[in-house]
Amino acid sequence: MADENTVKAASTPLAPGPKDWIPDHYRGAGMQPFDIINAFGLDFYEGNALKYLLRWRKKNGIEDLCKARTYIQLLIDRAEAGEYSR
């Protein structure tokens, strides 16, 4: 027999969609990074660089800038290796 938590989870509606849950560090902008990522068709590296650049002042400061730099360097390395076309 299922325990009470399993029954409750099964009858709970789906979790809110991305537009329903906006972290504090993205509030007020009217959009989230994934809106821009999707609109411009950015890949994983581009999207992560953008995400960290957009949130650095409100979340992790210099740490987020360093993460953005890491993804930008990965993009540069891949572009130099010919993995991207303009």
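Numbering of residues starts from 1 in every chain and runs along the sequence as written. It should be noted that, the model being predicted, local features are given only for residues of pLDDT at least 70 and side-chain atom pairs only at 80 or more, the latter also being counted only at that level, while totals for whole chains, interfaces and linings use all residues. Neither water nor hydrogens contribute to the side-chain values; these are computed over all heavy atoms in the structure.

Quick look at the confidence of the model for the protein chain
Then, in step 1: Here the protein chain averages 79 in pLDDT, while 65% of its residues score no lower than 70.
Then, in step 2: At the low end of the mean pLDDT range in the protein chain sits helix α1 (residues 4-11), at 46; at the high end sits helix α4 (residues 62-80), at 97.
Then, in step 3: pLDDT expresses how confident the predictor is about each individual residue, on a scale running from 0 to 100. Two residues form a contact once any of their heavy atoms are found within 4.5 Å. For residues 5-12, every residue scores under 50 in pLDDT, and the model assigns this stretch one contact once sequence neighbours within four places are set aside. Helix and strand definitions follow DSSP, with helices as H or I runs of at least four residues and strands as E runs of at least two, each counted in order from the N terminus.

Comments concerning the packing of aromatic side chains
Then, in step 1: The pairing test for Phe, Tyr and Trp rings, Trp by its six-membered ring, is centres within 6.5 Å, and the orientation test on the planes gives stacked under 30 degrees, edge-to-face over 60, and tilted for anything in between. One pass over the structure, following the stated rule, counts four aromatic pairs.
Then, in step 2: Taking 5.6 Å as the distance between ring centres and 85° as the angle between the ring planes, the aromatic pair formed by Phe-44 and Tyr-45 counts as edge-to-face.
Then, in step 3: Among the residues examined, Phe-44 registers a relative accessible area of 54% and is labelled exposed.
Then, in step 4: A residue is classified by how much of its surface remains accessible, and Tyr-45, at 24% relative accessible area, is partly exposed.
Then, in step 5: Measuring from ring centre to ring centre gives 5.9 Å for Phe-44 and Tyr-71, while their planes differ by 75°; the resulting arrangement is edge-to-face. Placement of the pair is Phe-44 in helix α3 (residues 44-55) and Tyr-71 in helix α4, with a sequence separation of 27 residues.
Then, in step 6: For each residue, the accessible area found with a 1.4 Å probe, counting protein chains only, is set against the maximum for its type, and the residue is called buried under 20%, exposed over 50%, and partly exposed in between. Its relative accessible area of 18% is what places Tyr-71 among the buried residues.
Then, in step 7: In textbook terms, an aromatic cluster arises when at least three aromatic residues are bridged by ring pairs, as seen for Phe-44, Tyr-45, Tyr-52 and Tyr-71.

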